[in-house]
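# Structure assessment
Chain by chain, the residues:
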Amino acid sequence: MDPIETRPVPQLTTVPTGDPRDRGGPAQPLLIVNNLQKHFPIRGGVLNRVVGKVRAVDDVSFNVMKGETLGVVGESGCGKSTLARLLMHLIDYDAGEVIFDGEAVGAMRGISMKDFRKAMQMVFQDSFSSLNPRLPIEDSIAYGPIVHGVAKAEAKATARELLAKVGLRPDLFAQRYPHELSGGQKQRVNIARALALQPRLLILDEAVSALDKSVEAQVLNLLRHLKRHFNLTYVFISHDLDVVQYISDRVLVMYLGEVVEIGPVDAIYSAPKHPYTRALLASRLSFDPEDRVEEPPLTGDPPNPIAPPSGCRFRTRCPMAEGICAEKVPPLGKWIDQLSHLAACHVEDPGSGHTMAGKTALSRPSPAPKHAPKAKLSA
Amino acid sequence: MTKISPVSTLSAAPVSALQPLVEVENLTVKFVSREATVNAVNGVSFVINPGEVLCIIGESGSGKSVTMRALMRLLPMNKTRIGGHMRVGEHEILKLTDRQLSTIRGSTISMIFQEPMTALDPVYTIGHQIAETVVRHEGCSYADGMKRALELLEFVKVPSAERRLKAFPHELSGGLRQRAMIAMALSCRPSLLLADEPTTALDATVQIQVLVLLRKLQVDMGMSMIFVTHDLGVAAQIADRVAVMYAGRIIESGPVKDVLMNPQHPYTRGMLASSVHSATRGEDIEAIPGSPPDMRRLSSGCAFAPRCAYADDACRAAIPPETVPGPGRTVCCFKAGATALAS
Amino acid sequence: MTDMSIGNASLLRLAEEEAPATKVRSYWQMVGYRLRYDYVTLFFAALIIAIVLMSIFAPWIAPKDPYKTSMAFRLKPIAFRDFWLGTDELGRDILSRLIYGGRMSLLMGLVPVVIATFIGGTLGVIAGFIGGSVNMMIMRTMDVFYAFPSILLAVAISGAMGGGMVNGMVALTLVFIPPLCRIAETATTQVRNLDFVEAARASGGSTLSIVGTHILGNVLGPIFIYASGLVSVSILIASGLSFLGLGVEPPNPDWGLMLSTLRQSIYVNPIVCALPGAMIFITSLSFNLVSDGLRQAMDVRM
């Protein structure tokens, strides 16, 4: 611990000390994202002019602390996958900044793109295209180190070592091609590939969504163990609320390209502040057939991100929407530390002018416990 | 011109209440190619009573979708060998001519898919497609078909249905497309609706809407339904009875509450235990080890034995027979009910 | 690696315990396995090899000198003395000319396709991978060539440049660059957007290294299949050029040229006249069928 660091840092997770790659100290967030924005132009017409834009990510700010797992949830089209690619710098952002361990990415005096690429890696959703079908898997894993100047033989040795770490015997699997692997095995290879550059931060974009449930559990266990083993920080993107609850320390909820709620996982799941988060939680399905949902918590689909509603983007589906919601964008509030629980809703802001502002506890239906306890299952 | 009945009196074609609507006996499906034979379904039997919802639960490759496609004979005939016997209503499915089959598809049996775009034609409007189906099966005029299409869209709770009639499939959101497909599937009052993971591709908030809608429609119309899913939560939400499939066999079946709350087969138990639903953060999930078996080379014993903590030599030697642990229940496991399983 | 030593025990429990049931096979091994049982393709591939060998070893195989004329034995029928396939209008041995003619026809069939595959493929991969305005420029230029039917274009180009074999081959190369470029561009655009290419970019791979490791392996297949189909077209157009007097010049033996000169004798000796046509037909059909067989064998879902 740095002796100068005297201010107590409220933390959910213990930051492992002694990582030689650490620069900013334990209180320095590993990743700071400020006002990130990405609008995709829509071209059309005879002259291929820009006729509109998809507001995929709009003014998104958050921090990722060292050693934590930040879960990002939201429905399809909410911009969570675009966010992952923006963070990885696979696509350029229109505005905003990304700061990695105190150093701005790609800036003059900040961290170079080459070093950044080593420090941050991504695991893609298992799909037919997540691995090169023409390469043996050890070559896929060794590719990253080789382009960073590691000798070929050494990179392959590392690849085999990593295969063992993700639970695939190198003597059986190293020479195989992706089509000879099951979905779970392919995802293990994807994880090994991401680890090959010894990253500090791993972005997992729907990394277990395509897997069967029994295999999903194996991969989640593996991810937890790897995190400890390699001293990793995760940004875990998923549409599955149960998975996010299991793996995350903090959760960020997105809706139509915006952050609507962020906070510690228990706070979000036991006392959600934003009506959208409440609806998401109430949409989860219980395993108990007697605990059926009779009335859907929300009606309709999310609106089109090309022309999002004015003011609060959730207001078209919100049971508490009022005039103010159409006029003013609700602010998320100020992030102080890891324990901050913020929601971008006028009801949460006493001075917003919403009639329900301040008396939220009454109007807020608490989500019913959705879990069949373990004891009940094995009875 | 045939007079079509209004939607409010939509109900499934009358079937004798004495006998089950669907009887499947010892169904086997093999996919044969030069390289290998895939034993997709290996002796599946079940019955469904009128107005009952059967959920077939299984992971990818368990044969759940193939079973359902066999019921509608949607599998490519030149590469598929189907054995056993399937009856829906008074129709012996494997003995039908192609002509009879196309009459039954859509009227007696209807199907909805995971991806509505595969069932909807992108070049015609939603209204036109539903009307065409109605005209083909009921022989009414196109105008009446359109009228029925509008009623059906309202029936499946599509907002501003009149406007959506003229919409093309790609102009609708995922949830609306799914509703349009359901409307089309229901247009001729099928007595059996086959649903192949219709909510898997949908967002959580939309999935629950479609599930609630499907259950309501099923009750209102009194039709039977086979619902294929990999999600135990979806099964709990919609099923009357469930059948759990593994490696092309039903390894456990029974009323939904009994099976999900008191599973007997180690695989069903494993599925429930490995769900993140019940996991505690910071602890390992009780995952089922290993991968599903290769359907090209199935062992002679219980297919789950290599992944099962209770397996012994008897399990590896022979396929366990079906036993009845309780009323309406079946389980295929030598170890079911044994003390070894009680935890 | 950080802390490679600790925690190994806990990771071991998560291992995937499975012996490989299948033999490890690379993509090309799979293709080979499939081809082994495709007897039609194998037969016509053997035919192509035979024709190629025949052309290469023509001086040793051909029974007579293909250039030696004889006023005495003009337009003789099949099996006339030791002229097994008869003679042409100048009394030259047809069999020897057919054997030698394979050299010209195969050269005219293969060389333009090989060069066009290289140039068109490179341009297409560049256009597909870089995209944007580079793509626009390359592909719009190709579109201009698409405006003309290929045979007309070939005739126009070699007509403008003058006859001769080299000019004919240049014309054919120019004709085949646009379709090959388009195939390469389409395949590259598809592969470029796949997750594993994104992953390679996220690993910090340079454009050249990504193209070499991840793109080429996945686009060469479709380009190769298409190019193999073009060989038969090339042989046909080359024969057409020779027939019109724009390709190979007399007295060189070439199937197209032979067809052209023998056509005047069609009423005298129809079977002998048809022989060069038959050779063109068989060669072009063989290339076509082998190309189809390759397409089927290489269409492996992975």
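Rules of the game
- Residues numbered from 1 in each chain as written.
- Chains lettered and ligands numbered in written order.
- Predicted model: local features only at pLDDT ≥ 70, side-chain atom pairs only at ≥ 80, totals over all residues.
- Heavy atoms only, no water.
- Helix = DSSP H or I, 4+ residues; strand = E, 2+ residues; numbered from the N terminus.
- Buried < 20%, exposed > 50% of the residue type's maximum accessible area, 1.4 Å probe, protein only.
- Contact = heavy atoms within 4.5 Å.
- Areas by Shrake-Rupley, 256 points an atom, 1.4 Å probe, with all protein chains shown as cover.
- Phe/Tyr/Trp six-rings, centres within 6.5 Å; stacked < 30°, edge-to-face > 60°.
- Lys NZ or Arg CZ within 6 Å of the ring centre and 35° of its normal.
- Axes fitted to C-alpha atoms, helices over the stretch in contact; angles between N-to-C directions.
- Parallel < 35°, antiparallel > 145°, perpendicular 65-115°, else oblique.
- Left-handed = near helix turned anticlockwise from the far one by under 90°.
- Nonpolar A, V, L, I, M, F, W, Y, C, P; charged D, E, K, R; others polar.
- Salt bridge = Lys/Arg side-chain N within 4 Å of Asp/Glu carboxyl O.
- Pairing = 2+ DSSP bridges.
- pLDDT = per-residue confidence, 0-100.
- Buried area = accessible area lost by both parts, 1.4 Å probe.
- Patch = residues over 30% accessible without salt bridge, like charges linked within 9 Å, V, L, I, M, F, W, Y side chains within 5 Å.
- Expected span 1.5 Å × (residues − 1).
- Bend = angle between axes of the 7 residues up to and from the residue.

A word on the overall build of chain C. Counting its regular elements, chain C contains twelve helices and zero strands. Counting only residues that meet the buried cut, chain C has 47% of its 302 residues in that class. Summarising the internal contacts of chain C: among those between residues at least 6 apart in sequence, 71% fall at separations of at least 24.

Take the overall build of chain A next. Secondary structure summary: chain A contains 13 helices and eleven strands in total. Look at the contacts in chain A between residues 6 or more apart in sequence, and 68% of them connect residues 24 or more apart. Here chain A has roughly 14,900 Å² of accessible surface; of this, 54% comes from carbon and sulfur atoms.

A few words now on the packing of aromatic side chains. Evaluated as defined, the whole model comprises ten aromatic pairs over all chains. Each ring, one from Tyr 255 of chain A and one from Tyr 276 of chain A, has its centre 4.5 Å from the other, and the planes form 55°; the classification is tilted. Of the two residues, Tyr 255 of chain A is situated in strand β9 (residues 250–255) and Tyr 276 of chain A in helix α10 (residues 275–282); the sequence distance between them amounts to 21 residues. Tyr 276 of chain A carries the same exposure label as Tyr 255 of chain A, and that label is buried. An aromatic cluster is built from Tyr 255, Tyr 276 and Phe 314 of chain A, whose rings are joined through pairwise contacts. The ring of Tyr 146 of chain C is capped by Arg 182 of chain C, whose NZ or CZ atom sits 4.4 Å from the centre of that ring.

A few words on the packing of helix α11 (residues 255–262) of chain C against helix α12 (residues 270–298) of chain C. All names here are of chain C. One way to put it is that α11 packs onto α12 with a least axis distance of 8 Å and a crossing angle of 150°. Compared by their axis directions, α11 and α12 come out roughly antiparallel. Read as a crossing pair, α11 and α12 show a hand that is left-handed. Within the contact between the two elements, α11 uses Trp 255, Gly 256, Met 258, Leu 259 and Leu 262 and α12 uses Val 272, Cys 273, Pro 276, Gly 277, Met 279, Ile 280 and Thr 283. Its residues placed into classes, the contact of α11 with α12 shows nine nonpolar, three polar and no charged.

Here we come to the pattern of salt bridges. This model, assessed by the stated rule, comprises 40 salt bridges over all chains. Residue Lys 64 of chain B is joined to Glu 197 of chain B by a salt bridge in which the shortest nitrogen-to-oxygen separation is 3.6 Å. Of this pair, Lys 64 of chain B sits in helix α1 (residues 64–71) while Glu 197 of chain B sits in the loop between β7 (192–196) and α7 (204–221); the two residues are 133 residues apart in sequence, bridging distant segments of the chain. With relative accessibility at 8%, the residue Glu 197 of chain B sits in the buried group. Among the ionic pairs, Lys 216 of chain B bridges to Asp 220 of chain B, the shortest N-O distance being 3.0 Å. Note that Lys 216 of chain B and Asp 220 of chain B are positioned in helix α7 at a spacing of four residues, about one turn of the helix. Residue Lys 216 of chain B is classed as partly exposed on the basis of its relative accessible area, which comes to 42%. For Asp 220 of chain B, a relative accessible area of 43% puts it in the partly exposed group. Each of Arg 85 and Asp 205 of chain A together with Asp 195, Glu 198 and Arg 201 of chain C takes part in a single network of salt bridges with overlapping partners.

Okay, unusual backbone geometry next. Residues and elements named next belong to chain A. Backbone geometry places Glu 206, a non-glycine residue, at a positive phi of 50°. Tracing the chain through its elements places Glu 206 in the loop between β7 (201–205) and α7 (213–230). Its identity as a non-glycine residue notwithstanding, Leu 256 has a phi of 50°, on the positive side. By the secondary structure assignment, Leu 256 is in the loop between β9 and β10 (258–264).

Right, let's talk about the sheet that holds strand β4 (residues 95–100) of chain A for a bit. Residues and elements named next belong to chain A. One open sheet holds the four strands; their spatial order is β2-β1-β4-β5, and the pairing between them is antiparallel. Each edge of the sheet is formed by a strand with only one pairing partner; in this case those strands are β2 (49–64) and β5 (103–104). With five bridges joining them, strand β1 (residues 31–44) and β4 adopt antiparallel strand pairing. Considered in β4, the bridge of Gln 37 is made with Ala 95. Lying on the sheet, helix α1 (residues 80–87) is in contact with β1 and β2; it crosses β1 at an angle near 115°.

A low pLDDT means the predicted coordinates there should not be read in detail. All names here are of chain C. Across chain C, the average pLDDT comes to 81, with 89% of residues at or above 70. Model confidence for chain C, summarised as mean pLDDT per element, is weakest for helix α1 (residues 8–12) at 44 and strongest for helix α8 (residues 165–192) at 91. Note on residues 1–21: pLDDT is under 50 here. Beyond four places in sequence and across chains, it has 48 contacts.

Residue and element names in this part refer to chain C. The topology assignment puts Asn 269 in the loop between α11 and α12. Take Asn 269: its relative accessible area is 9%, and that puts it in the buried class. Spatially, the C-alpha atoms of Asn 269 and Lys 76 are 7.7 Å apart, while their sequence positions differ by 193 residues.

Each partner contributes residues to the interface: chain B has 52 residues there, and chain A has 49 residues. Taken together, both faces of the contact between chain B and chain A bury some 4,400 Å²; the carbon and sulfur share is 52%. Seen at the junction of chain B and chain A, the total is three salt bridges. A salt bridge links Glu 294 of chain A to Arg 215 of chain B; the shortest N-O distance between them is 3.0 Å. Elements that contribute at least two residues to the side of chain B that touches chain A include exactly α6 (174–186), α7, α8 (232–238) and α9 (256–261) of chain B. No other element matches α7 of chain B, which puts nine residues into the side of chain B that touches chain A. When the residues that make up the side of chain B that touches chain A are grouped by side-chain class, the tally is 23 nonpolar, 20 polar and nine charged.

Turning next to the sheet that holds strand β2 (residues 37–48) of chain B. All names here are of chain B. Overall, antiparallel pairing links the four strands, which are arranged β2-β1-β4-β5 in an open sheet. Because the sheet does not close on itself, it has two edges, and the strands there are β2 and β5 (91–92). In terms of strand pairing, strand β1 (residues 22–32) meets β2 through nine bridges, oriented antiparallel. Directly across from Val 32, in β2, lies its bridge partner Thr 37. Along the sheet, α1 contacts β1, β2 and β4 (80–88); its crossing angle with β1, the most-contacted strand, is approximately 110°.

Once that is clear, we can look at a nonpolar patch on the surface. All names here are of chain C. Taken together, the side chains of Ile 49, Leu 53, Ile 56, Phe 57, Trp 60 and Ile 61 define a hydrophobic patch exposed on the protein surface, amounting to about 650 Å² of accessible area. Put simply, the parts of the chain that give the nonpolar patch at least two residues each are α3 (39–56) and α4 (58–61). For the nonpolar patch, the leading source of residues is α3, giving three residues. Tracing the backbone through its elements, the reader meets Ile 61 in helix α4.

So, about helix α5 (residues 94–130) of chain C. The α-helix winds at 3.6 residues per turn, so residues separated by three or four positions along the chain end up facing the same way. Residues and elements named next belong to chain C. The first and last C-alpha atoms of α5 sit 53 Å apart over 37 residues, in line with the 54 Å expected at 1.5 Å per residue. Where α5 bends most, at Tyr 100, the angle is about 25°. Positive phi appears at Gly 131, one or two residues downstream of α5, with a value of about 70°.

Quick look at the packing of helix α9 (residues 195–202) of chain C against helix α10 (residues 207–243) of chain C now. Residues and elements named next belong to chain C. Running from amino to carboxyl end, α9 crosses α10 at an angle of 175°, the nearest separation of the two axes being 10 Å. By the angle between their axes, α9 is roughly antiparallel relative to α10. Together, Phe 196, Val 197, Ala 200 and Arg 201 of α9 and Ile 210, His 214, Ile 215 and Asn 218 of α10 make up the contact between the two elements. Of the residues assigned to the contact of α9 with α10, the class counts are five nonpolar, two polar and one charged.

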